[in-house]
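# Coordinate inspection notes
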Amino acid sequence: MAQNVYQFIDVKRIDPPKRSHSERTIEFVEIYQPMTNTQVEGQADRCLDCGNPYCEWKCPVHNYIPQWLKLANEGKIIEAAELSHKTNSLPEVCGRVCPQDRLCEGACTLDEGFGAVTIGSIEKYINDKAFEMGWRPDLSAVIKTDRRVAVIGAGPAGLACADVLVRNGVSPVVFDRYPQIGGLLTFGIPPFKLEKEVLSRRRDIFESMGIEFRLNTNVGVDVSFDSLLDEYDAVFLALGTYTPMKGGLVNEDAPGVYEALPFLIGNINNLMGWQTEHPYVSLKDKTVVVLGGGDTAMDCVRTSIRQGATKVSCAYRRDEANMPGSRKEVQNAREEGVEFLFNLQPLGIEVDSEGKVCGVKVVRTELGAPDAKGRRSPEPVAGSEQVLPADAVIIAFGFQPSPPQWLIDMGVELDSKGRVVASEQSPYALQTNQQKIFAGGDMVLGSDLVVTAIAQGRKAAEGMLDYLQV
Ligand code: FAD
Ligand code: SF4
C-alpha cells in the first residue's frame, strides 16, 4: 500500500501521557508514562523522511532518526534499537533528558505549524522496549586486542567512550569516585526526569559487554594519575565541571541558603538510601526562592515542590525567551505549581535578627544588547529594588571547571576558563597537548548537555582508536 504522505495532517502530534498533578507534586518518579505500541507506530509514521533530515544534523550524535522512525512504524523494535545504538551509547537516557525542543524536534520540518515528530519519546520507547524484550548489544564478532584504556569519570562522556572502545576490542576500565555509574545522570538529575533504575540496567549491560568499573575510586587520592598513565595505553579524562558559580551576594553563606547540586544529591541519596558527603535538606513547609534559569534551577524548584514546600518561586534575571533551561521542563515546573519571576536580578540575601534567611533582595532588569552568544544582557533598573520573602534560598547559577592539581601538574593545557583544551580536529580527535591523554564532556565544553558529552566521549574513543592503531 502506498504511504500516506499527509499522515502528519491526519495524525496530530501527541506527547506521552503525564502522571496526574497529585502524583507529580509528591512523588519522585518519572512524570512521562510510556507510549503505547499503536501510538508509537502512528507518531513515527508522521515523519516526512525529508531528503535532508535537519533533525539528524541538529542531533549532536547525528542519530539516524528517519530510519529508526520507519523501523518503529513497522514494529521492528529490535532492528530500531540496533540502529539507534550505532550512533548513541545511551539512547534511552537521551530520549528522557535531551532538550528536544532545541535539538532534533526543534529542527523537524513539521515543527513549523504541524507539531514536530515526537522523536525523543520514540527513542526512549524503542530502547526500553527492546531491553524489555531481552535484546542486548551483540559483541560476538568483536576481535579483542591487548590495548587497555583508563577512563576517568563514569558520567555520559566516560560511558560513551568506554562503549565505543569495547565495541572495537579495546578494554576500558572506568574509574569514578562515586559508588554508582552515571555522573550527573545519577548524582544530579532527579528521578522525576530519569529514574535511577535506568542507569542500573545500563550498568549491567555495559558490564556484560566487558566494561570494567572501579567505583569509589577517586583518582588523585585512591589511585595516582601517574600510575594510570604507566599502566594503560591511553587515558580519557571525563571529570565534568563541579565548581558552583557564586553570585557574590551579601549573606550568601547564611543558614537557609543552599547550593543547588548538593541539595539535589542529598535528596537523591535520601530517596535511594545511598551515602555521600551531601546531607539531606528538607524544604517541607518552607517558602523557597530558587535563583537561576537553567536545568539545575528547574530540578531544584520541582524537587522543592515534591518535598512539600509551601511556595516555590524561580527568580531569573532575563525574560522567559532568554532562559537557558529546556522549555519542556519550564512548562512541567509551571504545571506543578512553580511561580516564575522574570527580569529580577538578585542583589543580596536578607537575614533576620538570628542571621537566618528571610528574603532575597532583587532589582528589576531590562534587556540590553545581545552578547556574543546572542543572549541579551540584563540591565538593572534604578529604584526598582524589592524583597522577595523566603525562608530557604537555592543558588543555581551554574558550574565552572575545576581541574584537579594533578592535571595541572601533568602540563595538560587549559583555557582561560579552566577547560581542558582538546579539539575534535586535533591530530587525533580530542587528544590534549599530552599525547596519551584525551578529554571530553563538560570538562572540555564547560557545563553543557548529556548528549554533547556522549558525542564527545564517542569522538574521543575514535581518536584513541586511531592513536592506538586499532
Ligand atoms: P559528569 O556527568 O559530571 O560526570 C563526571 C564524573 O567524573 C562524575 O561521576 C564524577 O564523580 C567523576 N569524577 C570527577 N573527578 C573524579 C576523580 N578525580 N576521580 C574519579 N572520578 C571523578 N543535561 C541534559 O542534557 N538534560 C538535562 O535535563 C540536564 N539536567 C541537568 C540537571 C542538573 C542538576 C545538572 C547539574 C546538569 C544537568 N544536565 C542536563 C547537564 C548534564 O548532566 C551534563 O552536561 C553531563 O552529565 C556532563 O557529562 P560528563 O560525563 O562530562 O560529566
Ligand atoms: Fe533528539 Fe537527543 Fe535523541 Fe538526538 S539524542 S535524537 S537530540 S533526543
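Residues numbered from 1 in each chain as written. Chains lettered and ligands numbered in written order. Predicted model: local features only at pLDDT ≥ 70, side-chain atom pairs only at ≥ 80, totals over all residues. Heavy atoms only, no water.

### Thoughts on the packing of helix 5 (residues 65–73) against helix 9 (residues 119–132)
- Contact geometry for helix 5 and helix 9: axes closest at 11 Å, N-to-C directions at 60°. Regarding the angle of helix 5 to helix 9, the classification is oblique. Judged by the sense of rotation from one axis to the other, the crossing of helix 5 with helix 9 is left-handed. Contacts from I65, W68, L69 and A72 in helix 5 reach I119, I122, E123 and I126 in helix 9.
- Taken together, the residues that form the contact of helix 5 with helix 9 break down as 7 nonpolar, no polar and 1 charged. (Axes fitted to C-alpha atoms, helices over the stretch in contact; angles between N-to-C directions. Helix = DSSP H or I, 4+ residues; strand = E, 2+ residues; numbered from the N terminus. Parallel < 35°, antiparallel > 145°, perpendicular 65-115°, else oblique. Left-handed = near helix turned anticlockwise from the far one by under 90°. Contact = heavy atoms within 4.5 Å. Nonpolar A, V, L, I, M, F, W, Y, C, P; charged D, E, K, R; others polar.)

### Let's talk about the nonpolar core
- W68, I122, F225, F236 and L237 are the most contacted members of the largest nonpolar core, which totals 99 residues.
- For this core, the element with the highest residue contribution is helix 18 (residues 450–467), accounting for 10 residues.
- Residue assignment places this core across two domains, with domain 1 (7–132) and domain 2 (148–241 + 401–467) each supplying three or more.
- Apart from the residues within four sequence positions on either side, I122 is in contact with V40, Q43, A44, W68, L69, A72 and V117.
- The next biggest cluster of nonpolar side chains, apart from the first, holds 24 residues, and it includes L283, V288, V301 and C314. (Core = buried A, V, L, I, M, F, W, Y, C linked by side-chain atoms within 4.5 Å. Buried < 20%, exposed > 50% of the residue type's maximum accessible area, 1.4 Å probe, protein only. Domains from an automatic or database assignment.)

### Here we look at the environment of T287
- Mapped onto the elements of the fold, T287 is located in strand 7 (residues 287–291).
- If near-sequence neighbours (up to four positions away) are discounted, T287 is found in contact with K311, P389, A390, D391 and A392.

### Focus on the UniProt feature "domain: FAD/NAD(P)-binding" (unreviewed entry) in the protein
- The UniProt feature table records "domain: FAD/NAD(P)-binding" (unreviewed entry) at residues 148–457.
- As a span, residues 148–457 carries 27% helix and 24% strand, and end to end its C-alpha atoms are 16 Å apart. (UniProt positions renumbered as here; feature names shortened; annotations may be inferred.)

### Section: the packing of aromatic side chains
- Evaluated as defined, the whole model comprises 10 aromatic pairs.
- Ring plane angle 50° and centroid distance 5.3 Å describe the contact between F187 and W274, whose orientation is recorded as tilted. With a gap of 87 residues between them, F187 in the loop between strand 2 (171–175) and helix 11 (196–209) and W274 in the loop between helix 13 (260–272) and strand 7 connect regions that are remote in the sequence.
- Owing to a relative accessible area of 0%, F187 belongs among the buried residues under this scheme.
- In this structure W274 comes out as buried when scored by relative accessible area, which is 19%.
- One aromatic cluster is present, formed by Y178, F187 and W274 through successive ring pairs.
- Looking at R177, its charged tip hangs above the ring of Y178, at a distance of 5.0 Å from the centre.
- Cation over ring: R202 sits above F206, and NZ or CZ is 5.2 Å from the ring centre. (Phe/Tyr/Trp six-rings, centres within 6.5 Å; stacked < 30°, edge-to-face > 60°. Lys NZ or Arg CZ within 6 Å of the ring centre and 35° of its normal.)

### Digging into the sheet that holds strand 2
- Pairing in this open sheet of 5 strands is parallel, and the strands run 3-2-1-4-16 from one edge to the other. Looking at the sheet topology across the chains shown, the edges are occupied by strand 3 (212–214) and strand 16 (437–439). The average undirected angle you get between the axes of adjacent strands in this sheet is 25°.
- Packing against the sheet, helix 18 makes contact with strand 1 (148–152), strand 4 (234–237) and strand 16, and its axis sits at approximately 165° to strand 4. (Pairing = 2+ DSSP bridges.)

### Some details on the site of ligand 1
- Neighbouring ligand 1 are 33 residues; D176, R177, K193, Y242 and D442 lie closest to it.
- Note that a nitrogen atom of ligand 1 is positioned 3.0 Å from one of the side-chain N or O atoms of N218.
- In the model, an oxygen atom of ligand 1 is placed 3.0 Å from a nitrogen or oxygen of the V450 main chain.
- Burial of ligand 1 by the protein chains amounts to 97% of its free accessible area of 990 Å². (Near = heavy atom within 4 Å. Polar contact = N/O pair within 3.5 Å; in protein donor to acceptor, adjacent residues only side chain to side chain. Areas by Shrake-Rupley, 256 points an atom, 1.4 Å probe, with all protein chains shown as cover.)

### Description of the side chain of R306
- By secondary structure assignment, the location of R306 is in helix 14 (residues 295–307).
- A relative accessible area of 5% means that R306 is categorised as buried.
- A polar contact of 3.1 Å, which involves the side chain of R306, links it to the backbone oxygen of R24.
- Filtering out sequence-adjacent residues up to four positions away, R306 remains in contact with R24, T25, I26, E27, F28, I31, F192 and E336.

### Observations concerning the site of ligand 2
- If you check the shell around ligand 2, you find C59, N63, I65, N88, C94, C98, Q100, L103, C104, I119, E123 and V451 and nothing else.
- Split into classes, the residues belonging to the shell around ligand 2 amount to 8 nonpolar, 3 polar and 1 charged.

### Regarding the pairing of strand 8 (residues 311–315)
- With 4 of 5 residues buried, strand 8 is to be regarded as a mostly interior element.
- Following the chain from strand 7 across helix 14 to the adjacent parallel strand 8, one finds a crossover that is right-handed.
- Bridge count between strand 8 and strand 9 (residues 339–341): 3 bridges; the pairing is parallel. Within strand 9, the residue paired with S313 across the bridge is E339.
- Each parallel crossover has a hand, and the one from strand 8 via helix 15 (residues 327–335) to strand 9 is right-handed. (Right-handed = clockwise from strand over helix to strand, strands pointing away.)

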